[in-house]
Number of protein chains: 2
Amino acid sequence: MTANLTDSQTTRLACEDLDAADPLASFRGRFDLPPGVIYLDGNSLGALPKATAARIQHVVIQEWGVGLIRSWNDAGWFDKPRALGERIAPLIGAGPGEVVIGDSTSVSLFQVAVAAARLRPGRRVIVSERDNFPTDLYMLESVQELLGDASGALERRLIHDDGPSLDEVLDEDVAVVVLTHVNYRTGRMYDMAEVTRKVHEAGALMVWDLCHSVGAVPVDLNGAGADFAIGCTYKYLNGGPGSPSFIWVAERHQSSARPPLTGWHGHARPFEFGVEYAPAAGMTRFRIGTPQLLSLAGLEASLDLWDEVDLAQVRAKSLQLTDLFIALVDSRLAPWGVEIVTPREHAVRGSQVALRVADGYPIMQALIERGVIGDFRGPDLIRFGFTPLYVSHADVWDAVEILEDILATESWRAERFSRRGAVT
Amino acid sequence: MTANLTDSQTTRLACEDLDAADPLASFRGRFDLPPGVIYLDGNSLGALPKATAARIQHVVIQEWGVGLIRSWNDAGWFDKPRALGERIAPLIGAGPGEVVIGDSTSVSLFQVAVAAARLRPGRRVIVSERDNFPTDLYMLESVQELLGDASGALERRLIHDDGPSLDEVLDEDVAVVVLTHVNYRTGRMYDMAEVTRKVHEAGALMVWDLCHSVGAVPVDLNGAGADFAIGCTYKYLNGGPGSPSFIWVAERHQSSARPPLTGWHGHARPFEFGVEYAPAAGMTRFRIGTPQLLSLAGLEASLDLWDEVDLAQVRAKSLQLTDLFIALVDSRLAPWGVEIVTPREHAVRGSQVALRVADGYPIMQALIERGVIGDFRGPDLIRFGFTPLYVSHADVWDAVEILEDILATESWRAERFSRRGAVT
């Protein structure tokens, strides 16, 4: 199945017309992008908002340098993970008091997976999927072992397109299902409400990983009736390299949830310095230790920008960009055996497109040298993220034209493109 | 017991002479300190090195903004936790390949406490102390519960000056002892080698919390034969608010240690994106998820400065400053019932001095208003940290003079000083 180009996709000029009519076009000027670069890797690390550097300088020079220890109160440092969580809430269909900023997404996944499993005592199975982002699977291995008892570790069941399916693994032994909403490699998106419904029917709890969703696709956690979620802020949210994760817990679970990483910032009365742990009310109990304030400053600056964004416009443009990319790949790259892995159906597509192609690694390196930055995911996928705030239709056109040229001239065969760095 | 002032402690001029002869004096110019402030809270949040702001701007504007995703390789982001760990090693008596940067100290304590306890299977007791910094105790509560099995949670034994003592709790059931080297409230310092020896004699493993030691007092982990350690970088190391912790594991334990937070950055081959977790060799297995790069940039800038510091000079000056403070408090503040809680003996004193005084909270608030920043720890301690890189003998003189004036005039009784903020 291939897509035919529509009239608005047949020329670069037509793409420029789409850009001229783009209601999000002005956001591109709010980012610092290096000249000559078409950045299609915002699904891995978002671009730098122009206001971020000044915000971070303020935190460094004024809040830290001048305010010193006083900034824990005066600059609101202690409250920052809660305050920024509240600003992420509208992006994921969460209510007030349901979101807090965490540590890394891996650590936050551990927090919610253990808390969720503890709400289903006696059930000994954790379900995830073989194609999940590996850190989720790795952390769940530990959760299984640590929550095991005399009868051994918990059991893990991994679903996969080749079987078993979710329907096949769900039974009365399943405590928790942990799935990533938009797959990091293929861009395939789950029907959050439908999956959550099935999981609840089996009496289990649903944990969503939103790393590749937030800021990219509509997310309605409360609408879907989900239980727990975590997500990343350095991809589509542009919080900066390694900016901290967020944690969402449905209000109905908050008072009974027992996260395992019981640090003093999650304590009910941290400044009484008591000997016994007592969990704080609400999402505060999911906090652990002292947050990394400089990284939080980057996130805060990016949220200033997101406060202004219409998420419906983001989704509409995201689908326009990925539709355009898919149609151009179909019409121009077929001779080189390029296969589109990402679903063509809108309802199950995230904001990225993966192409399967032999020699994907050197091809991506050649693309990067020409200024088109995507990434490679072994064994044979090249992956492109479409971030509606700063990618234009003309960018998509140009990227495909450069990729076509690289394939047609076989310039990717140059020896320099096959040498691998530490991160591919 | 009170100290008599020596000749070099009797006048401000004598203190200025000490400053003129101070081999560390030039470091004060390497920090941005607000005018009119005597900062005696560097044991809680270190001051801002002058070079830090520019370093962070470089990471934001060049490495993130221009380098974008390429900086994971080109700017060495992926390797940063290892590279910065190597630079902390000389500050704590660690060898190459023994230190890695972690997450928050709470999370890092969880990593090492579980890893340590797993090396002593069958032993069901974790020892700590009632006066430990509470987050350590809170995290250990979780460790106890998670490592429990059919016979229940592990047992916790807390030592205390009022009993039981370490000798009394050590037996063949003890798996791990977790102690903080320098106490956060009193500044009392353990004999690391002696305590470690006792713990090993009982067949247990020793975990040291170095939060109030690193950059303040001599630490020789390998010399003491310790097993695990974690520490903080935002206090005496001046890494910035919430800058990440470090983790040390003796080389002999690294290949058998199994930390519980098994994220992809601790995987042997993270970029193969495999389904099963396989721990990396060495300290890398203690890494978890994506590090917070902006906070790491702050730490990197501060380590540039520490590379130049002679630790013996730091210890000598620290003792000079705390001796001076203690002598001045003895000679001038006795009329108001001020009691020195910190040990007077050098061998067991860290780089801070705690005073017990009724109405400590409003007194500290009055001090802060006068530009002398320390902090209050309930119920009745006011705490002063002496950071040899930027605190002078004259600062100590002036701080005591201002405190004496506040006590003598009872200016702390003003109503505005008794209102509490969130962080005291």
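Residues numbered from 1 in each chain as written. Chains lettered and ligands numbered in written order. Predicted model: local features only at pLDDT ≥ 70, side-chain atom pairs only at ≥ 80, totals over all residues. Heavy atoms only, no water.

## Quick word on the environment of Pro134 of chain A
Take Pro134 of chain A: it is sitting in helix α6 (residues 134-147). Expressed as a C-alpha distance, the spacing of Pro134 of chain A and Tyr184 of chain A, which sit 50 residues apart in the sequence, is 9.9 Å. Pro134 of chain A has contacts with Tyr184 of chain A together with Phe273 and Gly274 of chain B, leaving out every residue within four places of it along the chain. (Helix = DSSP H or I, 4+ residues; strand = E, 2+ residues; numbered from the N terminus. Contact = heavy atoms within 4.5 Å.)

## A closer look at the environment of Val143 of chain B
Residues and elements named next belong to chain B. With respect to the helices, strands and loops of the structure, Val143 is situated in helix α6 (residues 134-147). When its relative accessible area of 1% is taken as the criterion, Val143 is described as buried. When near neighbours in sequence (up to four residues on either side) are disregarded, Val143 contacts Phe110, Ala113, Val114 and Ile126. (Buried < 20%, exposed > 50% of the residue type's maximum accessible area, 1.4 Å probe, protein only.)

## Re the UniProt feature "modified residue: N6-(pyridoxal phosphate)lysine" (unreviewed entry) in chain A
All names here are of chain A. Following the UniProt record, one finds the feature "modified residue: N6-(pyridoxal phosphate)lysine" (unreviewed entry) at Lys235. With respect to the helices and strands, Lys235 occurs in the loop between β9 (228-231) and β10 (246-249). Contact partners of Lys235, with chain neighbours within four places excluded, come to Gly42, Asn43, Ser44, Leu45, Gly46, Cys211 and His212. Within polar-contact distance, the side chain of Lys235 engages the backbone oxygen of Asn43 at 3.4 Å. (UniProt positions renumbered as here; feature names shortened; annotations may be inferred. Polar contact = N/O pair within 3.5 Å; in protein donor to acceptor, adjacent residues only side chain to side chain.)

## Describing the sheet that holds strand β12 (residues 352-356) of chain B
All names here are of chain B. Taken in spatial order, the four strands make up an open sheet running β11-β12-β15-β14, and their pairing is antiparallel. Looking along the sheet, the strands with just one partner apiece sit at the ends: β11 (339-340) and β14 (375-377). In this structure, β12 lies alongside strand β15 (residues 381-385), joined through five bridges in antiparallel fashion. Its bridge partner being in β15, Leu355 is matched across the sheet by Ile382. The sheet contacts of helix α12 (residues 311-332) involve β11, β12 and β15, and relative to β12 the element is tilted by about 20 degrees. (Pairing = 2+ DSSP bridges. Axes fitted to C-alpha atoms, helices over the stretch in contact; angles between N-to-C directions.)

## So, α6 of chain A
Residues and elements named next belong to chain A. If you check α6, its first and last C-alpha atoms are 20 Å apart, about what 14 residues at 1.5 Å a residue would give, namely 20 Å. Most of α6 is tucked away: 11 of the 14 residues are buried. Burial in α6 covers these residues: Pro134, Thr135, Asp136, Leu137, Tyr138, Met139, Leu140, Ser142, Val143, Gln144 and Leu146. (Expected span 1.5 Å × (residues − 1).)

## Structural notes on the packing of α12 of chain B against helix α14 (residues 393-409) of chain B
Residue and element names in this part refer to chain B. Packing of α12 against α14 brings their axes to within 10 Å, and their N-to-C directions diverge by 25 degrees. Considering their axes alone, α12 and α14 lie roughly parallel with respect to each other. The chirality of how α12 crosses α14 is right-handed. Packed against α12, whose contacting residues are Lys317, Gln320, Leu321, Leu324, Phe325, Leu328, Val329 and Arg332, the element α14 presents His393, Val396, Trp397, Val400, Glu401 and Glu404 at the interface. Class assignment for the residues of the contact of α12 with α14 results in eight nonpolar, two polar and four charged. (Parallel < 35°, antiparallel > 145°, perpendicular 65-115°, else oblique. Left-handed = near helix turned anticlockwise from the far one by under 90°. Nonpolar A, V, L, I, M, F, W, Y, C, P; charged D, E, K, R; others polar.)

## Section: the relation of the copies chain A and chain B
The two copies are related by a screw operation: chain A maps onto chain B through 180 degrees of rotation and 0.0 Å of translation along the axis, at an RMSD of 0.0 Å. Both copies of the chain, as the preceding transformation shows, are related through a two-fold rotation axis. The overlap is high: 99% of the interface residues of chain A also sit at the interface in chain B, so the same surface is used on both sides. (Least-squares fit on C-alpha atoms with pLDDT ≥ 70 in both.)

## Looking at the interface of chain A and chain B
Listed per partner, the contact involves 86 residues of chain A and 85 residues of chain B. For the chain A and chain B pair, buried surface summed over both sides reaches about 7400 Å², with 66% attributable to carbon and sulfur atoms. Per-residue buried area on chain A facing chain B is highest for Trp64, Tyr138 and Gln292 of chain A; these three make up 11% of the total on that side. Summed over the shared surface of chain A and chain B, the result is six salt bridges. (Buried area = accessible area lost by both parts, 1.4 Å probe. Salt bridge = Lys/Arg side-chain N within 4 Å of Asp/Glu carboxyl O.)

## What to know about the pattern of salt bridges
Residues and elements named next belong to chain A. Applying the stated criterion across every chain yields a total of 72 salt bridges over all chains. Its salt-bridge partner being Glu129, residue Arg188 comes within 3.4 Å of it at the nearest N-O pair. Of this pair, Arg188 sits in the loop between β7 (174-180) and α8 (192-201) while Glu129 sits in strand β5 (residues 125-129); the two residues are 59 residues apart in sequence, bridging distant segments of the chain. The exposure class of Arg188 is buried, given its relative accessible area of 18%. What you see here is one network of salt bridges that share partners, running through Arg55, Glu63, Lys80 and Glu300.

## Things to note about the nonpolar core
With 233 residues, the main nonpolar core has Ile92 and Trp208 of chain A together with Ile92 and Trp208 of chain B as its most contacted residues. Leaving out residues up to four positions away in the same chain, Ile92 of chain A has contacts with Val99, Leu210, Val214, Val219, Asp220, Leu221, Phe246 and Trp248 of chain A. (Core = buried A, V, L, I, M, F, W, Y, C linked by side-chain atoms within 4.5 Å.)

## Re unusual backbone geometry
Residue and element names in this part refer to chain A. Across the junction of Gly163 and Pro164, the peptide omega takes the value 0 degrees, indicating a cis bond. The residue Pro164 is located in the loop between β6 (155-159) and α7 (166-169) in this model. A positive phi angle, close to 60 degrees, is found at Asp359, a residue other than glycine. Inspection of the secondary structure assignment puts Asp359 in the loop between β12 (352-356) and α13 (360-369).

## A few points about the sheet that holds strand β9 (residues 228-231) of chain B
Residue and element names in this part refer to chain B. Spatial ordering of the open sheet is given by β4-β10-β9-β8-β7-β5-β6, a layout of seven strands whose pairing is mixed. Of all strands in the sheet, those with a lone pairing partner are β4 (99-101) and β6 (155-159), marking the two edges. Taking the axes of each pair of neighbouring strands and ignoring which way they run, one obtains an average angle of 20 degrees across the sheet. Two strands pair when backbone bridges link them, and β4 and strand β10 (residues 246-249) are joined in this way by three bridges, in the antiparallel orientation. Looking across to β10, one finds that Val100 is bridged to Ile247. The sheet contacts of helix α8 (residues 192-201) involve β7 (174-180) and β8 (205-209), and relative to β8 the element is tilted by about 150 degrees.

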